[in-house]
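Structural characterization, general
Each chain, written out:
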Amino acid sequence: MLQRRQLFQFAGVAAVAAAGGAAWMYYGSGRSTALAGGPFRHYPFDPVAAENFQQKLFIPVGSGPFGVLDVAGPLKIRAAAASFPLLPGRESPFLLYQTEQAGKAYQNPILRIESGARFTASLDNALKEPTIIHWHGLHTPAAMDGHPASTIGPGGRYDYDFTVRNRGGTYWYHTHAHELTAEQAYNGLASFFLVDDDDQRRVSKALDLQLGVTDLPLVIQDKQFDAQGKLLYKPSVHEAMMGWLGDIVLANLTPNAVQAVTPRSYRLRLLNGSNARIYRLAFVKGKTALNFTVIGTDGGLIELPETVSEAFLAPGERLDVLFDAGQAQPGEDIFLKSLAFDAMENEGPAGGMGGMGMGQMMAAMSSSRLPLGAEFNVLKLSVTAGERVVANLPATLSQVKPIRTEGAAQRKIELSMGQMRFLINGRTFKMDEIAFDVKRGAVEIWSISNPALGMPHPMHIHGFSFQVLERLNSPPQVASTARFGQGRTVSDLGWKDTVLVWPGETVRVAIDFAHDYPGDQTYVFHCHNLEHEDAGMMINFRVQA
Ligand code: C2O
Ligand code: CU
Ligand code: CU
């Protein structure tokens, strides 16, 4: 296996050298020529090499790219092709949501709004292809949700108008263009949607947090770049099936990012905005994984702060954490890392091929230099001198009322594979097909099971949040951190909209289908591995009035 991968990597380097002229001659030489001009070289951006982490983390400010926009009225949003210097000195074609408010221009703004407020926006499609925005995690009527059926053509417009019913939390928005979600999201169409409420303000106040200073939204994405250093999205048939992986890791669109911190607590609102990569996150000093405190998950604050030393984060999921940088001395570095794990793509149904499982075969065929489950760095925190501030966290963060499950209807959701694509209850997505009906106001328990011969799938619901009741038959790397009862890990606590289901596992979730929108409402449930979603690992369900 290893030999095969090495062989492949060698072939990859040779191909790059051929495409970029004498690029191989530069390979491995000093870093000064690496950052701008000349052929693109991967090594200076390799996230495995700690010494590469030298670029200042992009932190959202009051306008511009990823600027924080406090929504104060109707927004006109334009989805347009633009460019962005993802790698220093190298512009990449990039897709951006452009808008303005109070005379300030924003690209991919971090939208911030109060719980209970009305949100009104129009989307103008200035792209050459269809698109639509989905508000990930928000409870909206189906017509406001960005269902793939709402996709608008080039030149089209879509009007959104809904009340933000969600509690405070870290949500996000991204393209949901029918069968184009993966490529468009990868090429830029995604950002945060922050909802504020009293609980959130209480935590911010207790910890003296300030958005953009000590409260940092942090979207993690893996990308590939071509020989010119331009963003590359070119999945082979196999990558389209398994998911597209990058080999350069961006935090807030900054490769190999570093952020100076003082010895105090920082809130990091972690969002996995990657197409297919799962991260096993830990804060590491030297060889030691330091403690951090989880305060929230997908749908806002959890009840009690929970201290852990690692957590999985799958595509679409959020994890709100407090990290105390005072665990290191000034002058020391801490790395937010993705630790090694078993990608569990090893026992695919294909089997055969000289003893390789399908997953191994796929890894060998991946164009990414960074296989799923490899260890690498995401962000360097360099601790500088400053006043030691010890966090005074409220003992209770918020209330998460358990969904009452007495008498709840049970529903089986079976993931499987057939004809080179992943299926839900044996189905592949058909726009006009409703997989099942749910009664408005009903509480259901979904048992989502993933066959042992498969791969991990982050399963996501639109329109509602759920609570994870139980995890059964988890692999050892999950079971070993499952100290929250019923096999649950820290990522399963609180209100969720996305849950990672590992091969062999069954995850039971409770969903309350109460809402007050008129008539029937049709939403999707899908895998948030975006290549899987586009390939049809998605179903419609209808909530009947
Ligand atoms: Cu974030 Cu339907 O997805
Ligand atoms: Cu969503
Ligand atoms: Cu999947």
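Residues numbered from 1 in each chain as written. Chains lettered and ligands numbered in written order. Predicted model: local features only at pLDDT ≥ 70, side-chain atom pairs only at ≥ 80, totals over all residues. Heavy atoms only, no water.

With that out of the way, let us pick up the overall build of the chain. When helices and strands are tallied, the chain shows eight helices and 36 strands. A separation of at least 24 residues holds for 79% of the contacts in the chain among residues at least 6 apart in sequence. For the chain, the accessible area works out to roughly 20,300 Å², and carbon and sulfur atoms hold 53% of it. (Helix = DSSP H or I, 4+ residues; strand = E, 2+ residues; numbered from the N terminus. Contact = heavy atoms within 4.5 Å. Areas by Shrake-Rupley, 256 points an atom, 1.4 Å probe, with all protein chains shown as cover.)

Pairing between sheet strands relies on hydrogen bonds along the backbone, with the strands arranged either parallel or antiparallel. Strand order in the open sheet formed by five strands is 29-36-35-31-33, with mixed pairing between adjacent strands. The two strands at the open ends of the sheet, each matched to only one other strand, are strand 29 (434-439) and strand 33 (498-501). Strand-to-strand twist across the sheet, computed as the mean angle between neighbouring axes with direction ignored, equals 25°. Bridge analysis of strand 31 (residues 457-461) against strand 35 (residues 521-527) gives three bridges, and the strand direction is antiparallel. If you follow Met 459 over to strand 35, its bridge partner there is Cys 527. (Pairing = 2+ DSSP bridges. Axes fitted to C-alpha atoms, helices over the stretch in contact; angles between N-to-C directions.)

In the first shell of the copper ion (ligand 3), the protein supplies His 457 (ND1), Cys 527 (SG) and His 532 (ND1), at 2.0 to 2.1 Å from the metal. Coordination of the copper ion (ligand 3) draws on donor residues from a single chain, spaced H-x69-C-x4-H in sequence. Given the relative accessible area of 0%, Cys 527 is considered buried. Given a relative accessible area of 2%, His 532 falls into the buried group. (Donors = N, O, S within 2.8 Å, 3.2 Å for Na, K, Ca; no water. Buried < 20%, exposed > 50% of the residue type's maximum accessible area, 1.4 Å probe, protein only.)

The next subject is the nonpolar core. Counting residues in hydrophobic clusters, the biggest one holds 46 residues, and the most contacted among them are Leu 270, Phe 283 and Val 378. When residues no more than four places from it in sequence are discounted, the contact partners of Phe 283 are Leu 268, Thr 288, Ala 289, Leu 290, Phe 292, Val 321, Phe 323, Ile 334, Phe 335, Leu 336 and Leu 381. (Core = buried A, V, L, I, M, F, W, Y, C linked by side-chain atoms within 4.5 Å.)

Looking now at helix 4 (residues 198-206). What helix 4 keeps buried is the set Gln 200, Val 203 and Ser 204. The arc that holds the buried residues of helix 4, viewed along the axis, is 100°, so those residues lie on one side. Residues Asp 198 and Lys 205 are exposed on helix 4 and point more than 90 degrees away from its buried face. For helix 4, the N-terminal capping position is held by Asp 197, with its side-chain oxygen 3.3 Å away from the main-chain nitrogen of Asp 199. (Arc of directions from axis to C-beta. Polar contact = N/O pair within 3.5 Å; in protein donor to acceptor, adjacent residues only side chain to side chain.)

This part covers the coordination of the copper ion (ligand 2). In the first shell of the copper ion (ligand 2), the protein supplies His 134 (NE2) and His 460 (NE2), at 1.9 Å from the metal. Here His 134, found in strand 9 (residues 133-136), pairs with His 460, found in strand 31; they are 326 residues apart in sequence, far enough to count as distant. Residue class for His 460 comes out buried when judged on its relative accessible area of 0%.

For the rest of this paragraph, the subject is the environment of Gln 184. Relative to the assigned elements, Gln 184 resides in helix 3 (residues 181-186). Those residues in contact with Gln 184, other than ones at most four positions away along the chain, are Leu 95, Leu 127, Glu 129, Pro 130, Thr 131, Thr 175, Ala 177 and Leu 189.

On to the sheet that holds strand 5 (residues 90-101). Pairing in this open sheet of six strands is mixed, and the strands run 2-6-5-4-8-10 from one edge to the other. The sheet is open, and its two borders are formed by strand 2 (64-65) and strand 10 (157-163), each paired with just one other strand. By the bridge criterion, five bridges tie strand 4 (residues 75-87) to strand 8 (residues 118-125) in an arrangement that is parallel. By the bridge assignment for strand 8, Arg 78 is matched with Asp 124.

Below, the discussion takes up the side chain of Arg 277. Structurally, the position occupied by Arg 277 is in the loop between strand 18 (265-272) and strand 19 (279-285). Beyond its immediate chain neighbours, meaning those up to four positions away, Arg 277 contacts Asp 222, Leu 245, Gly 246, Asn 272, Leu 313, Pro 315, Ser 368, Leu 370, Pro 371, Leu 372 and Phe 376.

With that settled, consider the pattern of salt bridges. All chains considered together, the criterion is met by 29 salt bridges. Between Asp 198 and Arg 201 there is a salt bridge, with the nearest N and O atoms lying 3.0 Å from each other. Linking Asp 198 with Arg 201, this pair stays in helix 4, spanning three residues, or about one helical turn. On the basis of relative accessible area, Asp 198 is assigned to the exposed category, the value being 57%. (Salt bridge = Lys/Arg side-chain N within 4 Å of Asp/Glu carboxyl O.)

This next bit is on the packing of aromatic side chains. Applying the stated criterion across every chain, the model contains 31 aromatic pairs. With a centroid separation of 5.7 Å and an interplanar angle of 90°, the aromatic rings of Phe 53 and Phe 335 are classed as edge-to-face. Of this pair, Phe 53 sits in the loop between helix 2 (23-26) and strand 1 (55-56) while Phe 335 sits in strand 25 (residues 333-338), and the two are 282 residues apart along the sequence. Just as Phe 53 is buried, Phe 335 falls in that class too. With 5.4 Å between their ring centres and 80° between their planes, Phe 464 and Tyr 523 make a pair best called edge-to-face. A residue pair is termed long-range when its members are at least 10 positions apart, and Phe 464 in the loop between strand 31 and strand 32 (466-472) and Tyr 523 in strand 35 qualify at 59 residues. (Phe/Tyr/Trp six-rings, centres within 6.5 Å; stacked < 30°, edge-to-face > 60°.)

Overall, the prediction assigns the chain a mean pLDDT of 91, with 90% of residues at 70 or greater. A low-confidence stretch, residues 1-34 (pLDDT under 50), is modelled with 40 contacts involving residues beyond four sequence positions or located in other chains. Counted against residues more than four places away or in other chains, residues 347-355, with its pLDDT under 50, gives twelve contacts. (pLDDT = per-residue confidence, 0-100.)

We now examine the pairing of strand 30 (residues 443-449). Along any regular strand the residues' side chains alternate between the sheet's two faces. Across the seven residues that make up strand 30, a large majority, seven, are buried. Of the two faces of strand 30, both are covered, the one formed by Val 443, Ile 445, Ser 447 and Ser 449 as well as the one formed by Glu 444, Trp 446 and Ile 448. Note that strand 27 (residues 409-418) and strand 30 share six bridges and pair parallel. Bridge assignment links Arg 411 to a residue of strand 30, and that residue is Trp 446. Pairing between strand 30 and strand 34 (residues 506-512): seven bridges, direction antiparallel. Looking at the pairing, Ser 449 lines up with Thr 506 of strand 34.

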